[in-house]
Structures are given as C-alpha cells and as structure tokens.
Amino acid sequence: MSLSSVEAAPALPAAERVERIRAAAYRIRHHALNMGEVQGQGYVGQALGAADMFAAVYADQLSYQAENPHWEGRDRFLLSTGHYAIGHYAALAEAGIVPVAELETYGSDDSRLPMSGMSTYTPGMEISGGSLGHGLTIAVGMALGLRAQGSASRVINFLSDGELDEGSTWEAAMGAHHHQLGNLIAMVDINALQADGATNTVLRTEPVTEKWESFGWYTQRVDGNDVGALLAAFDNIASVSGPVGRPSVILCDTKVGRGVPLLETREKAHFMRIEENEWQICREQLTAGYEGTVSA
C-alpha cells in the first residue's frame, strides 16, 4: 500500500503502525535491488541501510500529495546525499510520486532517475545533491523562508555521517539554532563508512551526540534500522517542537546492506559491484529475512 497523501492518514495503533513502516521499508529495499540490477552496481548498500529511515519519513511523517509534488503545503524532504538517490527513488515509488515501472529506467539515458539526485529531473526531489555539505545550509534557508511565509510545513534534511566532515554543515547547524528553526529536522545516517574508508579513520566526528547538543539542537541517537525507535524519535520531536524553538536531529546508526546478509559483510561496500547471478540471491535473502521477522 502506498499513500497518496500522508497528511490524511488516520492514526494507527502502535504495533500496526510499526508493521506498516517495516513493510514499506521491505518494498523500498526490494525496489533498490531491482534498480541496482539495471546497472549491475551502485550505492545499493546505502539504500538498504537507510530504507527504514526513508520508510519512516514517507509512510508516516511527511505531508505530501502524490499527484501534485509541488503542492505548496507539503513538507520538504531534502536529500543532501545525492548518491543515496537510488533509495530515495524507491521511497518516491512507494509513496506513489514516481511510477514503480519507471524504476527500471534508473541511471539510463534520458531517464528521470539519474544515479545522483537532481531536482530538475525527478518529481519529489527538492534539491540536487552531490557535493556534500550543502543540504543543511539549503534546509536552513528553506525553513526560515517557510516560517516567514506563515507556513506550517516542516523541512526534513537527510545527511550522511560523512557530511559531518564538512564545515558548512556545522555553520548551518549553528545558524539553525540562532534562528530557532523548530520546523527543521535533520536525519543523519551513521553507517560508519565513506568512500575513502571507515568514517573514524577519515575524520573522527565522535562524540557526535554531544557535538549536536552543544550546537543547541534537540538531539536523539537511535538504531536507524529499528522502526519503533525511529517512530518514537519523531513522536518525541512532535511533543517538544514548534515553528519557533530548537531544531531537531535524529542520529541514526545503520548497517550498510541491511536485510541482505550477502551484502552486509561485503568489503568495499561504499559503491558495490554485484555479480549477475547474485541479484536474485539478494532478493531471496531479503524476503526470507523479512518474512521471518513478520512471522516471529
């Protein structure tokens, strides 16, 4: 099931709400594997690892209209990490904004779904990501502008832990607190991996929770592959936030390749090359794991 407008979705009992998001995350992962097979390679590991985050946003949090991606009253979801586009496209398909059949064109000539996210091509893609460190800066300006217009819309910015290497990210974090942007939420995918190796060997950012807190943000750190923990974090934000107040950040510890054991243990996982005979194995492992979780 995909929702045409999450703003109209009824409240669900806790267990049903969690299961709905888990099911959406499973479908997002399945879409990502199918898209990856088109190219035989790509940022599949990040898409699998962040699927629960995407599902929690699109199937539970975001106000949008699938038939009208430019609806003025929408919440804005900014994908700062343009290379995560494969996961974002899967979420947009789950949301009904992009047709599922169109996912087969991923990364192909003349496709609306390039390998790095571009707002000029893809419905529902708010910014063109790629050069890391710009997303939160844009989000701050967007949140400030929406508040000035009297809009109740929120801005949710998706970052990677690698982006915390960039000084512009911290300048934006400082600016968000200065302007008391209570309508701004950042989500950081902490998968501990960058293109050049393990995050803690490239540039150590820990203790990252204390850093965000010191910048004045309402900070929570959760298991980003635990749907219940993600939803609880969003619920906590709703209970303390408003248009004016502290911005919020959810630090999400995730596992690259989550849900597919074959890929969870793969070396050089930042950009994966997957053999032709392995794609079906990946899908079978994903389904087996999901069905085992559901039946437990």
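Before reading on, note that the structure itself is shown above.
## A look at the pairing of strand β4 (residues 184–190)
Right, on to step 1. Taken across its seven residues, β4 has seven buried, putting it largely inside the fold.
Right, on to step 2. Where strand β3 (residues 155–160) meets β4, six bridges bridge the pair, whose relative direction is parallel. Paired with L159 across the bridge in β4 is V188.
Right, on to step 3. Here β4 runs beside strand β8 (residues 248–253); their pairing, made up of six bridges, is parallel. Paired with D189 across the bridge in β8 is C252.

## Notes on the packing of helix α4 (residues 135–148) against helix α5 (residues 167–178)
Right, on to step 1. Remark: α4 packs on α5, axes separated minimally by 8 Å, with the N-to-C direction vectors making an angle of 20°. As far as their axial angle goes, α5 and α4 are roughly parallel. The hand of the α4/α5 crossing is left-handed. Residue-level inspection shows L136, T137 and V140 of α4 in contact with α5, the latter providing S168, T169, A172, A173 and A176.
Right, on to step 2. Taken together, the residues of the contact of α4 with α5 sort by class into five nonpolar, three polar and no charged.

## Here's the deal with the packing of aromatic side chains
Right, on to step 1. What the rule picks out here adds up to 11 aromatic pairs.
Right, on to step 2. Between the aromatic rings of F54 and F77, the centroid separation amounts to 6.1 Å while the plane-to-plane angle is 65°, which identifies the pairing as edge-to-face. One end of the pair, F54, is in helix α2 (residues 44–61); the other, F77, is in strand β2 (residues 76–79), with 23 residues separating them in the sequence.
Right, on to step 3. For F54, a relative accessible area of 0% translates into the label buried.
Right, on to step 4. Judged by its relative accessible area of 2%, F77 is buried.
Right, on to step 5. Ring pairing ties together the aromatic residues F54, Y58, Y64, F77, Y84 and F158, which thus form one cluster.

## Examining the pattern of salt bridges
Right, on to step 1. Here the structure, examined in full by the defined rule, presents 13 salt bridges.
Right, on to step 2. Residues D52 and R29 are paired through a salt bridge, measuring 2.6 Å at the closest nitrogen-oxygen approach. Of this pair, D52 sits in helix α2 while R29 sits in helix α1 (residues 14–39), and the two are 23 residues apart along the sequence. In this structure, D52 and R29 share a single accessibility class: buried.
Right, on to step 3. Between R221 and D253 there is a salt bridge whose closest N-O contact spans 2.9 Å. Taken together, the residues span a long stretch of sequence, with R221 in strand β7 (residues 218–223) and D253 in strand β8 at a distance of 32 residues.

## Topic: helix α8 (residues 227–240)
Right, on to step 1. Along its 14 residues, α8 runs 20 Å from first to last C-alpha, staying within 8% of the 20 Å computed at 1.5 Å per residue.
Right, on to step 2. Every buried residue of α8 is accounted for by V227, L230, L231, A233, F234 and I237. Projection of α8 onto a plane perpendicular to its axis shows the buried side chains occupying an angular sector of 155°, all on one side.
Right, on to step 3. Check the buried side of α8 and you find it contacts α1, α2, β3, β4, β7 and β8.

## Some details on helix α3 (residues 85–94)
Right, on to step 1. The buried fraction of α3 is high, at 10 of 10 residues.
Right, on to step 2. A85, I86, G87, H88, Y89, A90, A91, L92, A93 and E94 are the residues of α3 that are buried.
Right, on to step 3. In this structure, the buried side of α3 is in contact with α1, α2 and β2.
Right, on to step 4. Among the residues trailing α3, G96 stands out with phi positive, at a value near 85°.

## Considering the nonpolar core
Right, on to step 1. Grouped together as the largest cluster of nonpolar side chains are 66 residues, with contacts concentrated most on L33, Y58, F77, Y89 and L263.
Right, on to step 2. Here this core takes 12 residues from α2, the largest share from any one element.
Right, on to step 3. Residues in contact with L263, not counting those within four places in the same chain, are L33, V44, L48, V256, G257, M272, I274 and C282.
Right, on to step 4. Membership of the second largest hydrophobic core comes to 24 residues, among which are L136, V140, L184 and V208.

The rules behind the values
- Residues numbered from 1 in each chain as written.
- Predicted model: local features only at pLDDT ≥ 70, side-chain atom pairs only at ≥ 80, totals over all residues.
- Heavy atoms only, no water.
- Buried < 20%, exposed > 50% of the residue type's maximum accessible area, 1.4 Å probe, protein only.
- Helix = DSSP H or I, 4+ residues; strand = E, 2+ residues; numbered from the N terminus.
- Pairing = 2+ DSSP bridges.
- Axes fitted to C-alpha atoms, helices over the stretch in contact; angles between N-to-C directions.
- Parallel < 35°, antiparallel > 145°, perpendicular 65-115°, else oblique.
- Left-handed = near helix turned anticlockwise from the far one by under 90°.
- Contact = heavy atoms within 4.5 Å.
- Nonpolar A, V, L, I, M, F, W, Y, C, P; charged D, E, K, R; others polar.
- Phe/Tyr/Trp six-rings, centres within 6.5 Å; stacked < 30°, edge-to-face > 60°.
- Salt bridge = Lys/Arg side-chain N within 4 Å of Asp/Glu carboxyl O.
- Expected span 1.5 Å × (residues − 1).
- Arc of directions from axis to C-beta.
- Core = buried A, V, L, I, M, F, W, Y, C linked by side-chain atoms within 4.5 Å.

As far as function goes, none of this settles anything; it's purely spatial.
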